[in-house]
Every structure is written in structure tokens, then in C-alpha cells.
Amino acid sequence: MGIKGLTKLLADNAPTSMKENKFETYFGRKIAVDASMSIYQFLIVVGRSGAEMLTNEAGEVTSHLQGMFSRTIRLLEAGMKPVYVFDGKPPDMKNQELKKRLSRRAEAEEGLSVAIEADNKEDIEKFSKRTVKVTKQHNEDCKKLLRLMGVPVVEAPSEAEAQCAALCKAGKVYAVASEDMDSLTFGAPKFLRHLMDPSSKKVPVMEFDIAKILAELDLTMDQFIDLCILSGCDYCDNIRGIGGLTALKLIRQHGSIENILENLNKDRYQIADDWPYQEARRLFKEPLVSTDDEELNLKWSPPDEEGLITFLVNENGFSSDRVTRAIEKIKAAKNKSSQGRLESFFKPTANPSVPIKRKESKCMLRSFKPAIDHKMSSLQISNSSRSMIFGKLRMPIYNVGSELSVPLSRGVCFGA
Amino acid sequence: MLELRLVQGSLLKKVLESIKELVNDANFDCSSTGFSLQAMDSSHVALVALLLRSEGFEHYRCDRNLSMGMNLNNMAKMLKCAGNDDIITIKADDGSDTVTFMFESPTQDKISDFEMKLMDIDSEHLGIPEAEYHAIVRMPSAEFARICKDLSSIGDTVVIAVSKEGVKFSTKGDIGSANIVCRQNTTVDKPEEATVIEMNEPVALQFALRYMNSFTKATPLSSSVTISLSNELPVVVEYKIAEMGYVRFYLAPKIEEDEEETKPQV
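Cut-offs used in this document
Residues numbered from 1 in each chain as written. Chains lettered and ligands numbered in written order. Predicted model: local features only at pLDDT ≥ 70, side-chain atom pairs only at ≥ 80, totals over all residues. Heavy atoms only, no water. UniProt positions renumbered as here; feature names shortened; annotations may be inferred. Core = buried A, V, L, I, M, F, W, Y, C linked by side-chain atoms within 4.5 Å. Buried < 20%, exposed > 50% of the residue type's maximum accessible area, 1.4 Å probe, protein only. Domains from an automatic or database assignment. Contact = heavy atoms within 4.5 Å. Helix = DSSP H or I, 4+ residues; strand = E, 2+ residues; numbered from the N terminus. Polar contact = N/O pair within 3.5 Å; in protein donor to acceptor, adjacent residues only side chain to side chain. Pairing = 2+ DSSP bridges. Axes fitted to C-alpha atoms, helices over the stretch in contact; angles between N-to-C directions. Expected span 1.5 Å × (residues − 1). Arc of directions from axis to C-beta.

Looking at an unreviewed UniProt entry, one finds chain B named DNA sliding clamp PCNA and attributed to Vicia faba. As recorded by UniProt, the Function (unreviewed entry) comment attached to chain B reads in full: "This protein is an auxiliary protein of DNA polymerase delta and is involved in the control of eukaryotic DNA replication by increasing the polymerase's processivity during elongation of the leading strand." According to the UniProt record, the Sequence similarities (unreviewed entry) comment for chain B is "Belongs to the PCNA family."

As recorded in an unreviewed UniProt entry, chain A goes by the name Flap endonuclease 1, listed as coming from Vicia faba. Regarding chain A, the UniProt comment filed under Sequence similarities (unreviewed entry) reads as follows: "Belongs to the XPG/RAD2 endonuclease family. FEN1 subfamily."

A. Broad picture of the nonpolar core. All names here are of chain B. Core analysis: the biggest nonpolar cluster contains 79 residues, and F35, F101, F144, F169, M212 and F249 have the highest contact counts within it. Lining this core are residues from two domains, each supplying at least three of them: domain 1 (2–117) and domain 2 (135–265). Not counting residues within four places of it along the chain, the set of residues in contact with F35 comprises L4, F28, D29, C30, L50, L51, L52, F57, Y60, M68 and I90.

B. How the structure looks around the side chain of T25(A). All names here are of chain A. Counting through the fold element by element, T25 comes out in the loop between β1 (18–21) and β2 (30–34). Among the residues examined, T25 registers a relative accessible area of 15% and is labelled buried. A polar contact is formed between the side chain of T25 and the backbone oxygen of K22, at a distance of 2.6 Å.

C. Local environment of the sheet that holds strand β12 (residues 157–163) of chain B. Residues and elements named next belong to chain B. The strand order across the open sheet formed by four strands is β14-β13-β12-β16, and the pairing between neighbours is antiparallel. The strands lining the two open edges of the sheet, one partner per strand, are β14 (177–182) and β16 (203–208). On average, each strand axis in the sheet is tilted by 15° relative to the strand beside it, whichever way the strands run. Across five bridges, the pairing between β12 and strand β13 (residues 166–172) is antiparallel. The residue of β13 that forms the bridge with I160 is F169. Helix α3 (residues 141–152) rests against β12, β13 and β14 of the sheet, and its axis sits at about 25° to β13.

D. Here's a closer look at α3(B). Residue and element names in this part refer to chain B. The first and last C-alpha atoms of α3 sit 17 Å apart over 12 residues, in line with the 16 Å expected at 1.5 Å per residue. For α3, the set of buried residues is S141, F144, A145, I147, C148 and L151. Along α3, the residues classed as buried sweep out an arc of 160° about the axis, all on the same side. Looking at α3, the residues exposed on the side facing more than 90 degrees away from the buried face are A142, R146 and K149.

E. Layout of the sheet that holds β1(A). Residue and element names in this part refer to chain A. The strand order β1-β7-β6-β5-β2-β3-β4 describes an open sheet built from seven strands, whose pairing is mixed. With partners counted over all chains shown, the strands left at the sheet margins are β1 and β4 (153–155), one partner each. Put simply, the sheet's adjacent strands are angled 30° from each other on average, direction ignored. Where β2 and strand β3 (residues 81–86) come together, five bridges link them in parallel fashion. Paired with K30 across the strands is K81, a residue of β3. Those strands touched by helix α3 (residues 63–77) are β2 and β3, and its axis lies near 140° from that of β3.

In C-alpha cells:
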């Protein structure tokens, strides 16, 4: 799933591009959530004991509904505005990867039946988790639930991560939440991990900023995509013997996969003649996404109380008390999301002071041009809504020092 | 090299008490013009801007622009150890990772040094544009604190509306509602007891009382408070620090849902 070893590569080579934030700091933000990934997680963990899962009276699994319901309420209560993006038809290029997953699942199923025979509890749990599959029905259930909750749902024509990234690029959401590092390759300006983790785990949200990644790795977006393809993505195999670190070195040295292929020692590295890296690159750069404004007009509305009770209590055996209480929470959360954020009014500037305590981190000055470009573009987006106000104001932004060093690299993105 | 000597040490104590609830960690910026701080609360709804001008210090030396990251709770702990009449001196050396607070008793018979570790704080600095406000209200700070406290026992949001009638603070909650109107009043014995309302345009804005209450922790700094309001801008609640500067709190307003619909989705 995703890009092999990218998290570690970034942690080692672009540490300032990732930042841990408290869950609560995202209040008021619109966030695109990769629904399929979340549903998959819910099916694995929510209400599971061994191979047993939460079910309704008819014996159908309801873990995904339980998970989706409670985690979405958690987001709403924190004042966030989630929009869930569902996968459409996977691109043909992914078939190979999907086949691999299928065969892994088949293996797991075999393992599971052996474990059940041997009554090995640990193995039963392990293998049954691996046999989890998100079906069409699960997706439909969740869409229905979300619509009843008044949370917008977007059906991607193809990959959900690509659609999420497109929403974020268009400034319709602040960030993309997924566990799949692909989102960065698709160019999501801001990408969050662990947002959908259960609160009991107490993991802080990890925020990645693509502009800072590019600045710190000293790569262009195209080169970053090439780096991801070389590291290993869902669409094609990577070159045997080349991992993330080597890939980064090669990209820095040669600039593109084409140049790398020309210069690579063919005896040492086996490269298939028909290595479809160009096709993979195209899928990352121009993925099939919907840009229809009508469909992407995201609206958060009040919950359909009766609908929720019918669906959850009557059809899926949820406790009526809990659902009623949860609906109250959704309604109360509406109030919270109206709080404005300061960034919508004031724009970040660089602080001219130099920390008295010398920082250990080194040479961040190196080529932060892309970061600034990015800042400008997002400025335009956000300004369009406020230009009216700023028109009235003189706007002398103080603290525009001339020889700034470190703090400039902290210029933040404040799009959504 | 940095050395700032403040004769009225209690001022710094009060400043810390007024902001430490809102902000945990912050960078203090030191330049030749003064000692300042700008920091947002963790949810980026409120911002505090502090300025203590260099003229207000008895001795002020700052060779180059520096910032010092401090944990405000720890700093407050140390400043609590200073007596109310003590002279406080802030000292730091270049490249050092500590700051020293020196407290001298007025009779010079006791001198204490407290050294605190500095921290690396990744803070975002916001450019705050100079704005013309639609309405500016100056009123006794204790009165404002009382209003915020009273209203927060009824509801969690306050509507501050300025009109020809005066300034109205109102809230609604489960148990009922409350309205408090303050009228212009300049016929008072002491100028700081006056309520002065300047209005170019009527304004009505909604704010979370939780933050307002936190701002009123600065009440001991000044006997009057200035509240500047403009539609669609954060409110500014300013406490002047005599002859030295100010503590200003900015708070983003609450935005009505249906109003938001008409704006482009950002």
C-alpha cells in the first residue's frame, strides 16, 4: 500500500516537513478523508474478538458502521468538517497490485481455516484480520450513514486518494486524511496521518506539508513523483535493489527516471524493458478525478434524526439510547464548528528575530523557493474570499526582515 | 548579550499571569525597541501580543534581534518567587540555552538568581494589519471582567453589539438569556472610570466567552480596557501598561453557518 518506506525517508531527509499536532488543533478545518482506508481499518479493529465481529440480528457485520459513526462524531465534536471520499474503479495499472492482495488474502484464508482447526486463538485473530475485505455493501452502508449524519460524501471516479488530493489542491478542503502515503504523490498540499485513529490510542496527528518536503529534499514535484515510483508504488514494480534512499540519491544526481535509466549500470540492476514507469507517472500527475463543481459543492447539514434511528437502531441493532445521545452530540457540534480561526484574518509572516538558543538543525536556507511559490498560490486562494476586507485596510506587514534565515522556512500554508 | 532591568518587577509578574492561561509556550522577541511576544493559543483562535518598550526599562541592552522560547508556566513559577517590590533583571548570553531572572529586593539586601532552560519553539508569526475599527469601546477593566464572568454563567457565547444606544453584551443559554448595556459615561471622578464609545458604524459580533474570560486575567495590569470591533475582523481587547506598552488579545469571531454559505468555500 502506498509508497514503500516514504515515511522513514522523509523523517530522515526532510524532518521539518512533518509535524505532530494535537487532534484538537484541526477544529474548523475541512478535511477530506479517504473512506475506503478508514472502513478497512474499522473492519479490522472495531468490536473484534478473534474471528467474531459486531453483527446485526441478520448476522451482517456492522463494525464499519460502528466505527464510521463514532469516529465521525469525534471529528464533528472537535469542530472539524469531514468529507468522505470513496474509491471508484481502480486504474488498470493497479490490477497487478490488487491481484497480489487477493492472493495474500487467499493465503490468509487458508491460514485461518488451519488455525480454527487447531483452535489457535492468536492465529485465528491474526489471519482473520488479514482476510478482511471491504465490500460494495460496506461502502454503500457507510455512504448511507454519512448522508443521514449530514456529512458530505464524494464518489471518486477512480482512486479516492487522488480525488482527496484534488479537493485539497482546489482549496475545497484544508488537508487530506489517510494512512496511504500515495496522497503526497498525488500532490495533496497537506496530508494528515492518524487523524482517524481511535482516541484511546492517543497518537498525535502527523501533518505532512508537500511544499516543505520538496524544499527540503530539493526536488521538483515531478522529481518527487519519480522518487515515489522508484521507491515502489501500487502501480508498477520498482527496480530490484533500489530502495528509497538510493532512489533519492539517483534522482538528485540525474533529475528524472529517464536520465537515471540512461546512466544506471544495467548489469547490476535488472530493469524490465517494458517497465511502465511513464504510465505510473501519468496516473500520479493526471489521475482521473472529478472536478465537477456541482458535485463537489460540499455541504454539511443537520442530521436526519429519524433516518439515523431507523437505519442504526431498527435495521442494524444499535442501542437506541446511544444513537439518541450521539445525535445530540452531532447537533451540539454544529455550534462549535462556527468558531473562526485567526489565520483566516491574519497572514503569517516571518519573524526577524534569531533564536538565542542555536538550533541543531542545519542549512534550511537551501532552496526554499518552491515553498514560497506555494505560499503565494495558496495566498491567492484564501484571499479571494477576504479580499473585500483587506481592500479596506492598509496592510503593512511588519517584521519583513531582510536577512531572515530559519523562521522563513516556517511560513505556513493557510489555504482552507 | 541581553540585559533588561525592570524596576517595577511586579509588572512582569502580572503580564505572565495574564497570558499563561492562553498560551503554553512562546517566543519572546527582543530588539533594540523593546521586549515583545506574539503567540496564538493552541487552537489558533486567539492571539496575544505583548509589548514592553525599551524606554520603560531602567537599563535596556539588546545587541541584536533575539528570540527566546520559554514555557510560560515555568516562567510564571519563577517570577512568582520574586517579591512584589523586587526589581527584576532578565539576562541571557548569546548562544546560551538558558535565561536568567535576577530579583533584587528594594533594600538590596537580598539578590536571587533563577536560571531557566530555553526551548525551541516552532511558532508561526502573524502579520497583523493596521485596521480602522468600526467601533472602539473604552471602559473600566473590572467592569468588563465582571460582565464576562456573569455572562459565562448563563451561556458560552457573547454577542457584543455597539450602536447609538451604547454597547450591549448578550448571551443565551439553557436556563435563559442575559443582556447588559453599558452607556457612554464621562461624568466620573477619575478618567479611568469612564466609559467612552466611539462608533463609525454599528457592529455586532459573536465570541466565545471562554476566551474573553481568559483575557480578563490581564485586569490587574490596567484600570481600563479598550475593545475594538469591526465586522468580519477579530476583536482586539487591549490593556495598556502605563508608560511601557500593552497586552493585546485578538479573538476570531464566531461565524454564522448560513453566512458562511455565501462565501466561497475555502
